[in-house]
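Architecture at a glance
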Amino acid sequence: MGDTTRPPEGDTTRPPEGDTTRPPDPGGLPVLGNVHELASDALGFYERRSAEHGGVVRYDVFGTESYLVTDPEAIGQILVADHDRFVKGEMPREQLGGLLGDGLFLAEGEAWREQRTAIRSAFFRERVAAHGDAMVERARETAASWEDGGVVDLHAAATEYAFAVLAESLLGSDIERERETVRAAAEAITDRFDMRRPTSFLPEWLPTPTNRRYRRRLDALRETIRDLVAERRAAGPPADPGAADDLLGTLVAAAELGALDDELVDNAVTFLFAGHETSALGLTYALYCLADAPEFQARVHAEVASLGADPTPADLRECPTLTAAVDEALRLYPPVHSFFREPTEPVSLGGYRVPAGVVLTLSPWAVHRDGRWWDDPETYRPERWLRETEDGGVVHGDDRPGPATGERPEHAYFPFGGGPRHCVGMRFARQELRLAIGTLLRRVRLEPVTAELSVQASANARPDGPVRVRVHARDEWSSCDPDGPSDTR
Ligand code: HEM
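Residues numbered from 1 in each chain as written. Predicted model: local features only at pLDDT ≥ 70, side-chain atom pairs only at ≥ 80, totals over all residues. Heavy atoms only, no water.

As for the pattern of salt bridges
Using the following cut-off: Here a salt bridge means any side-chain nitrogen of Lys or Arg lying within 4 Å of a carboxyl oxygen belonging to Asp or Glu. The way it works is that DSSP assigns letters per residue, a run of H or I at least four long becomes a helix, a run of E at least two long becomes a strand, and they are numbered from the N terminus. Each residue is placed in one exposure class: buried if its accessible area under a 1.4 Å probe, protein chains only, is under 20% of its type's maximum, exposed if it is over 50%, and partly exposed if it falls in between.
Under the criterion given, the structure shown has 20 salt bridges. The residue Arg 138 makes a salt bridge to Glu 168 at a minimum N-O spacing of 2.7 Å. In this pair, Arg 138 sits in helix H6 (residues 132-144) while Glu 168 sits in helix H7 (residues 154-171), placing the two residues 30 residues apart along the sequence. Taking relative accessible area as the criterion, Arg 138 reaches 18% and is therefore assigned buried. By relative accessible area, which is 34% here, Glu 168 ends up partly exposed. The salt bridge involving Arg 222 is made with Asp 266; its shortest N-O contact spans 2.5 Å. With Arg 222 in helix H9 (residues 209-234) and Asp 266 in helix H11 (residues 264-274), this residue pair connects regions lying 44 residues apart in the sequence. For the pair shown, Arg 222 and Asp 266 are each scored as buried. Through salt bridges with shared partners, a single network forms among Glu 137, Arg 140, Asp 310, Arg 442 and Arg 443.

Below, the structure is given as structure tokens:
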């Protein structure tokens, strides 16, 4: 450790001596603070506070001072430039510790580094590409279960799809038989973190009925996962973590080599949850947005239909329209609406002094809807991610100037976080969403039935109710056998 009492020369991220400028205080009630505003509409609260008070603003939850950070430069400082001065901190651990234990999502420092290194290989490009077949096959099954002219709930369908993909490619299909245990735990988690309930801001150990149910169902889930891990270990691990064909194999192999042993169950649970609901939500929002944007849906269909077969991971580079459809849905409806950090020492953020240990809330939701960085921010406009080339084609590229600044800062878009702790499953998720949408839209056209999407804040940004669309089989599919027309390549 170096001398932490004297800022190095030229370091602008530490507060100058005597700098006591505090971020604006948006006001709140005694004791409750801003809990009532968060409970009535947390996502709107973040958006309004950011728009009214700028990129760093204070708020208060039952006497705990928190700062909402929506200034892209400050976000870059926290996640990338100065990442080693910030930890995830007490708050996420208090909230999620019972679920995720000491797995990758909550681990800190050296323990985190060791785990991330051991797990990384499961997300190398070739390993993720090898899961492409499962992602496409499950999407074919989903399409086959839909009736021409019928109405489906996209959220239910996407949840089932994402679970099946994760089960097969990361944890081994054995988890499929435990679907009900996982579903019950997922429901208890959603209730526990439903921000419309003021009690969701209280610690897990308080014996409220919601917390008791949460505890019971988590215990059942962890027991199930423990059995699954034990079975896999008994079957004998692959010799080398890099040679395993699913994530559980990588974790078990690493444990046999002495790394990650204690955290094996924690990590299996971590991946089940970090990788299941988030992807399901991304898929729900992307499909609904496309249903609601028929012209762009037709462009995506034309792009995937021209492939002559269901998309493969290698095809995705040639699918700028499909990619833009997904990137724009993750902008407008980022499944992880916010996440947390704590500075380990006093820092200067956006020109304000921030004491050590304060809860910082980083909100993709608020930043992605900020008119300083995005034209027409509340509208789904995937074209903003596309650029025309001189020869009349389109490519994916986000180098358009932002409306007010001349250029959009890098961290005005961060659905997967950023820096060393960015989402380890990002490549997996972006591939999964595009392969699922490409495979589905080759077979069906979607039309919205739910008139307006309403989203609530729980641990993730979830739809308020079913997300209904009507399914129309494409002509070339409705007249053919369930497998559709034969591939033309
Ligand atoms: C659209 C889908 C997804 C979104 C929007 C998303 C978003 C995020 C975000 C914002 C973070 C950073 C949190 C922070 O810095 O505090 C994160 C971390 C993480 N994500 Fe994802 N994620 C998605 C899919 C997945 C998938 C498919 C997996 C695994 C298969 C996964 C596993 C993880 C893990 C383990 C971490 C913690 C990484 C670390 O701390 O080193 N995520 N994710």
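Back to the write-up after that little detour.
Some points on the confidence of the model for the protein chain
If pLDDT is low for a region, its predicted coordinates should not be looked at in detail. Put simply, the test is: Confidence of the predictor at the level of single residues is given by pLDDT, which spans 0 to 100. Contacts: residue pairs with any heavy atoms within 4.5 Å of one another.
Taken over all residues, the pLDDT of the protein chain has a mean of 83, while the share at 70 or more is 83%. Of the regions scoring below 50 in pLDDT, residues 1-13 engages in 11 contacts with residues more than four places distant in sequence or in other chains. Predicted confidence is poor over residues 399-406, with pLDDT under 50, and the contacts of this stretch with residues over four places away or in other chains come to 18 contacts.

A few points about the nonpolar core
Condition: Here the nonpolar core consists of buried residues drawn from Ala, Val, Leu, Ile, Met, Phe, Trp, Tyr and Cys, with membership extended through side-chain atoms lying within 4.5 Å. Note that domain bounds follow an automatic or database assignment of domains.
Residues Phe 123 and Leu 360 are the most contacted members of the largest nonpolar core, which totals 120 residues. Residue-level mapping places this core at the junction of two domains, with at least three residues from each of domain 1 (35-87 + 339-366) and domain 2 (109-336 + 374-408 + 415-478).

Side note on the site of the ligand
Quick reminder of the rule: Throughout, near means a residue has at least one heavy atom within 4 Å of the molecule or strand. As used in this structure description, the phrase polar contact means that two N or O atoms lie within 3.5 Å; if the pair is within protein, one of them must be able to donate a hydrogen and the other to accept it, and residues adjacent in sequence are counted only when both atoms belong to side chains. Three classes are used: nonpolar for Ala, Val, Leu, Ile, Met, Phe, Trp, Tyr, Cys and Pro, charged for Asp, Glu, Lys and Arg, and polar for all others, with Gly counted as polar.
The local shell around the ligand holds 26 residues, among which Trp 112, Arg 116, Arg 341, Arg 421 and Cys 423 are the closest. Lys 88 places a side-chain nitrogen or oxygen 3.0 Å from an oxygen atom of the ligand. Side-chain polar atom of Arg 341 to an oxygen atom of the ligand: 2.8 Å apart, as the coordinates give it. Taken together, the elements giving at least two residues each to the shell around the ligand come down to helix H4 (109-120), H7, H11, helix H12 (277-291), strand S5 (339-343) and helix H16 (426-443). Partitioned by chemical class, the residues of the shell around the ligand number 17 nonpolar, 5 polar and 4 charged.

Focus on unusual backbone geometry
Here the phi dihedral of Asp 376 falls at roughly 45 degrees; this positive angle occurs in a residue that is not glycine. On the secondary structure map, Asp 376 appears in the loop between helix H15 (364-368) and strand S9 (386-388).

Structural notes on the sheet that holds strand S4 (residues 151-153)
How we decide: We call two strands paired when DSSP finds no fewer than two bridges between them. Geometry is summarised by axes, namely lines fitted to C-alpha atoms with helices restricted to the contacting stretch, and by angles between N-to-C directions that run from 0 to 180 degrees.
Here 3 strands make up an open sheet; going across it, the order is S4-S14-S11 and the pairing antiparallel. The open sheet has two edge strands with one neighbour each: S4 and strand S11 (444-448). Ignoring strand direction, the axes of neighbouring strands in this sheet form an average angle of 40 degrees. Strand direction decides the pairing type here: S4 and strand S14 (residues 468-473), joined by 3 bridges, are antiparallel. Paired with Val 152 across the strands is Val 469, a residue of S14. Its contacts with the sheet put H16 on S11 and S14, and the angle it makes with S11 is roughly 95 degrees.

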